[in-house]
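# Inside the fold
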Amino acid sequence: MRLTAAAAAALLVALALARASAAALPPRQKVLADGLKAVRYYADLAGVTNSSQPGRLHHPECGWEYATFMTGVARLRRETGDPGLRRMLQSFGDQYGWQMCPLNSYPYLNPGESFLNPDNQLCAATYIEVYDSSPLRSRNDSWIEWTRRQYDSEIQAGHRTYWSWVDALYMSMNVLARLGEVTGEQAYYDHMWRNFEYGVGPEGYNFWDEEESLFYRDPPSQPGTPPGVFWSRGNGWALGALVAAIEHSPADEPHRGVYVDYFKNQTARLAKLQGADGCWRSSLTRADFNPLPETTGTALFTYGMAWGIKAGLLDDNTFRPVVEKAWECLTTVSLQPSGRVGNCQPVGAAPGRNIGPESTSSFCVGQFALAASAVSKIAPGRR
């Protein structure tokens, strides 16, 4: 008898529920093995290896979707030291000339201005990762030169109007925070703060809801934004952006403490919204909108909370059980024996019902890899 997709999903949820109460993190090497399994499956699925030219890697695109996949690859490479992942990172920069992505999905931007779109900027996080993780003697300044020029021009022009949806926080802050760290220049931190403050504050797009301690995906005053609807992945993007801002800012950076406050308030609220099976739903405060577990938000929340425990920002006794249940759900519901990561809400701008065991994407796999890298840091076993 063949199960329908809905029945298969329900069975997986039931199995996860049965195990969630006794969930504990597996050994570190098992966590990393699951992350590698997911990345390798997707790399094969996407044809990253060019069969007509054995040994040559080919990356299908450079926009935010695949760039998110690469942020997960980068984190996983740091934890595993896997040379194949290092080659993947290097080849990504080589293929796109170490430049931001030229896609122009903003109809009101001229082609030459498309680099102002944060969705086109996230690829540069990989370039900076390659630069930062290379020995000093082999670093090539051209790997980050183009990115520096782009942000220098934004700073000079005083831009702060292009982070008009919450995803943009992740897409740009992952780059700006790293750029500030590797160059030591405060201007990049200041530019990041101006844009963040305008995005979340009442004088700008007002993403942050003080009462809910959650982020809207779009400005709540924008026509079509449903009141009180908080999207799981949208909040995941924001949490991932806060991780980047905190991790890559020096202790004395003037705004680091503000990022920490947002991080703690958001994670405390998210912990209360976790499903009984360990996963979160696509609509955070209205789980009945779609009761199926959703991977993209869950993976980013797991990443942020595990990172926060390791960084000493979150109480281990409070948040470890949350992470344990979440990782259990990610590896029993989302990760399939083949390595496919499913239950991923596709591209969208709000909670969706288009989720199932077979729904996957480059960015979802990247988010799973981010979670694996962070969970591995607090899992038992030698590093």
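Before any of the text, the structure's been laid out above.
Notes on the structure follow.

Criteria and cut-off values
Residues numbered from 1 in each chain as written. Predicted model: local features only at pLDDT ≥ 70, side-chain atom pairs only at ≥ 80, totals over all residues. Heavy atoms only, no water. Disulfide = S-S within 2.5 Å. Helix = DSSP H or I, 4+ residues; strand = E, 2+ residues; numbered from the N terminus. Buried < 20%, exposed > 50% of the residue type's maximum accessible area, 1.4 Å probe, protein only. 1 Å grid on protein atoms, 1.4 Å probe; cavity = no way out; pocket = protein on both sides within 12 Å on 5 of 7 lines; lining within 4 Å. Points joined across faces, edges and corners; volume = space filled by probe spheres on them. Nonpolar A, V, L, I, M, F, W, Y, C, P; charged D, E, K, R; others polar.

By definition, a disulfide is the covalent link that joins the sulfur atoms of two cysteine residues. Under the definition given, this model contains 3 disulfides. Here Cys279 is linked by a disulfide to Cys329, with a sulfur-sulfur distance of 2.2 Å. Linking Cys279 and Cys329, the disulfide has an S-S dihedral of approximately -115° and is accordingly described as left-handed. Taken together, the residues span a long stretch of sequence, with Cys279 in the loop between α10 (256-272) and α11 (295-310) and Cys329 in helix α12 (residues 316-334) at a distance of 50 residues. The burial state of Cys279 is the same as that of Cys329; both residues are buried. Shown here is the disulfide that connects Cys344 with Cys364, its sulfur atoms set 2.1 Å apart. Between Cys344 and Cys364 the disulfide shows an S-S torsion of about -70°. By sign, it is left-handed. Of this pair, Cys344 sits in the loop between α12 and α13 (362-378) while Cys364 sits in helix α13, placing them 20 residues apart in sequence. Residue Cys364 is classed as buried on the basis of its relative accessible area, which comes to 0%. With its bonded cysteines labelled in order along the sequence, the protein shows the pairing 1-2, 3-4, 5-6. Looking at the unpaired Cys123, the closest cysteine sulfur is the one in Cys62, lying at 5.5 Å.

Now for empty space enclosed by the protein. Summed over all chains, the structure comprises 2 cavities of 30 Å³ or more. Taken together, Met70, Thr71, Ala74, Ala125, Thr126, Glu129 and Arg178 make up the full set of residues lining the largest cavity. Of all the secondary-structure elements, those providing two or more residues to the lining of the largest cavity are α3 (64-80) and α5 (123-132). Along the lines of polarity and charge, the residues of the lining of the largest cavity split into 3 nonpolar, 2 polar and 2 charged. The space that makes up the second largest cavity amounts to roughly 30 Å³. Lining the second largest cavity are Thr71, Arg75, Tyr170, Asn174, Arg178, Tyr303 and Leu370.

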